[in-house]
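Each chain, written out:
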Amino acid sequence: MTVLLKIFQVILALSVLILIHEFGHFIFSKIFGVRVEKFYLFFDVGSKRIFSTKNSRLVRRLFPKLADSETDYGIGWLPLGGYCKISGMIDESLDTEQMKRDPQPWEFRTKPAWQRLLIMFGGVLMNFLLAIFIYIGMLAAEGESYVSNDGAEIYVNELSKDMGFRSGDHIISFDDYCPDNFSMLQADLARRDVSKAVVLRDGDTLDIYIDHSRIGEVLESPGMFALAIPFVIDSIPPTSPNYQSDLRPGDRILSVGGEPVGYVQDSREILRSFASSDVDVVVERDTSLLDMALAVDSLGLIGVYTRFPYDLVKSREYGFLEAIPAGVKLTFSTIGGYIRDLKLVFTPSTEAYKSVGSFISIGQVFPDSWNWIQFLNILALLSVMLGVMNLIPIPGLDGGHILFTLYEIVFRRKPGDRFLLAAQYVGMILLIALMILAFGNDIGRLIK
C-alpha cells in the first residue's frame, strides 16, 4: 500500500508540473498567434495514445468545437514527460516535414525573436510562479518553523567523524558563511564549496579543513549532522516497562550499562544489546547522581520520551500580504540552492553525478502517508528543479532554444534549420544518456 501511495504521489506531482510547464509555452504561443498542434501529457510515441480530443467520439459528440480545434489535447502512453507541439518549430518531435514547407504567418519560425524567446521561457516561468504561489499559500496558512543552528550541537555519523567533526560540536561557520538553519548544514557544506569549517568544541574554537574530493561522499551520506539530543527524560507513558520505576521527568541519564552517554543517540546500540533484560544506569537529578536498574523491551527501548530542545525552534506566522514577499524570497533561495547543486553535478571531481536520481529517487522523497502540506512542499521544490533543469543550455531543453534565440538577438543572425535539427538530435542523445545515468544510479542504490 505504501509503494502504491508513493507511485500515486509521483504521478500526480509530475502530471501537475508537466501540465503547468507546457501551459506556459501554450499561453505565450496563443498570445503571439502561434498555432499549437498538440498539447500532451506524457509522450504519444509511435502515435499511440490513451486519449485524444481529435480521436474521441465522446468529445466530438459533446464538444464538437473542441474536437475541431487546431490543437489536439491528449494523454500519451509513455509517462516520461509531456510536450506542446508548436507549428514551425524544431522540437523533441523532430518533425522535419513541416520545415520543408513555406513559412506561414502562424508558425513559430516567422515570429520576431523576442516573441519566440518568451514562448520558450514560458514553461520555466510557470514553474517558478507555481512554486511562488505554493510557498505564499503555505507561509500564510502554516507559517514558518525550523531548528536554528544558534546554540545547536551536532551528532555525527561515520563520514563526518572521519572528516574531523565530533558529536557535541557547534558549527559556527563554513568559511565566511554563518548557517542559520540547522537542517541545511549538510547541504550548505556540499553546495558552498567550503574550504574550512569553524566549530566550537568544549569551549574552544577549532578549524576543520574540508577535502573537496569528499563532496561526493557528503551527497551520498544522509545524516552527517543530526541534532544531538541530551538524554533528558520528558515523560514516562503508562505503557512503558519503566512506568513504575524511580525515573522522573527532568532526569538526565549519564551512563547506560557502564558506558557514558552524552546524548540519546549514544544509548541506542547499548540498549539494543540489553534487549529483553535489565540495564544499570546512572541518572543525574538536580545535583545528585542516582544508580538504578531499568527494564529494556524486546526492541531495545526503555519506553520513555526525551525532552526536545524546543528553545532552538524558531517560528514565525505570516499574514497574507507578509507571505507574498516571503514566498518570493523562499522561491529564489530554493532556486539558488538548486543551481549550486547542479554546479556540483557538472563538476566531475566531486562525483556528485552519482547522486543524480530518476523517478525512483523522487518517489522516496514523498511520505508514506498522505499529507497535503508535505505534498505541496515537495511539489514546489520539484517545480523549481524542473524550471532550473530546463534552463540548462542543452538542445532539447528550453535552455537550448533560449540560447539559440539569444544568439540570434545579439548577432542578428538566425541559426539554420539544419543546424537546429542536428543540435536537437545531439540534445536528445544527451538527455537519454542523463536518463540512463539517473536510472542506473537508482538501481545501484537499490542493489546496495
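Residues numbered from 1 in each chain as written. Predicted model: local features only at pLDDT ≥ 70, side-chain atom pairs only at ≥ 80, totals over all residues. Heavy atoms only, no water.

Asker: Can you tell me about the packing of aromatic side chains, naming the residues and giving the values?
Answerer: Applying the stated criterion across every chain, the model contains 16 aromatic pairs. Consider the rings of Y407 and F411, whose centres lie 4.9 Å apart with planes at 40 degrees: the pair is tilted. One end of the pair is Y407 and the other is F411, both in helix α13 (residues 398-411) and four residues apart, which spans about a single turn. Looking at Y407, the relative accessible area reads 35%, which means it is partly exposed. For F411, a relative accessible area of 56% gives the class exposed. Aromatic rings pair up to connect F8, W370, W372 and F375 into one cluster. Seen from the ring of F108, R116 lies directly overhead, with NZ or CZ sitting 6.0 Å from the centre. (Phe/Tyr/Trp six-rings, centres within 6.5 Å; stacked < 30°, edge-to-face > 60°. Helix = DSSP H or I, 4+ residues; strand = E, 2+ residues; numbered from the N terminus. Buried < 20%, exposed > 50% of the residue type's maximum accessible area, 1.4 Å probe, protein only. Lys NZ or Arg CZ within 6 Å of the ring centre and 35° of its normal.)

Asker: Let's hear about the environment of L290: which residues, and what values?
Answerer: Looking at the element boundaries, L290 is found in strand β15 (residues 288-296). A sequence separation of 102 residues divides L290 from D188, and the C-alpha atoms of the two residues are 42 Å apart. In this structure, L290 is in contact with V281, V282, V283 and R285, ignoring residues within four places of it in sequence. (Contact = heavy atoms within 4.5 Å.)

Asker: Which residues make up the side chain of N390, and what are the values?
Answerer: By the element assignment, N390 lies in helix α12 (residues 372-390). By relative accessible area, N390 is classed as buried at 10%. When sequence neighbours within four positions are dropped, the list of residues in contact with N390 reads H21, V124, L397, D398 and G399.

Asker: Describe unusual backbone geometry, with residues and values.
Answerer: Phi at F42 is positive, roughly 70 degrees, even though this residue is not glycine. Checked against the element boundaries, F42 lands in strand β1 (residues 36-43). A positive phi is found at R412, a non-glycine position, where the angle reads about 55 degrees. Mapping R412 onto the fold places it in the loop between α13 and α14 (417-447). On the basis of relative accessible area, R412 is assigned to the exposed category, the value being 77%.

Asker: Tell me about the sheet that holds strand β12 (residues 252-256), residues and numbers included.
Answerer: In spatial order, the strands read β13-β12-β14-β15; together these four strands make up an open sheet with antiparallel pairing. The sheet is open, and its two edges are formed by β13 (259-260) and β15, each paired on a single side. Strand direction decides the pairing type here: strand β14 (residues 277-285) and β15, joined by nine bridges, are antiparallel. Directly across from V281, in β15, lies its bridge partner M292. Here helix α9 (residues 264-273) sits on the sheet in contact with β12, β13, β14 and β15, set at roughly 50 degrees to β12. (Pairing = 2+ DSSP bridges. Axes fitted to C-alpha atoms, helices over the stretch in contact; angles between N-to-C directions.)

Asker: Would you mind going over the confidence of the model for the chain in detail, with residue names and values included?
Answerer: With 93% of its residues at a pLDDT of at least 70, the chain reaches an overall mean of 87. Taking the mean pLDDT of every element in the chain, the minimum, 65, falls on helix α4 (residues 97-100) and the maximum, 96, on strand β7 (residues 170-174). (pLDDT = per-residue confidence, 0-100.)

Asker: Can you explain the pairing of strand β9 (residues 204-209)? Please cite residues and give values.
Answerer: Note: strand β8 (residues 196-201) against β9, six bridges, orientation antiparallel. From the neighbouring strand, A197 faces β9, where its bridge partner is I208. Hairpin connection between β8 and β9: a loop of two residues separates the two successive antiparallel strands, and D202 in this loop has a positive phi of roughly 55 degrees.

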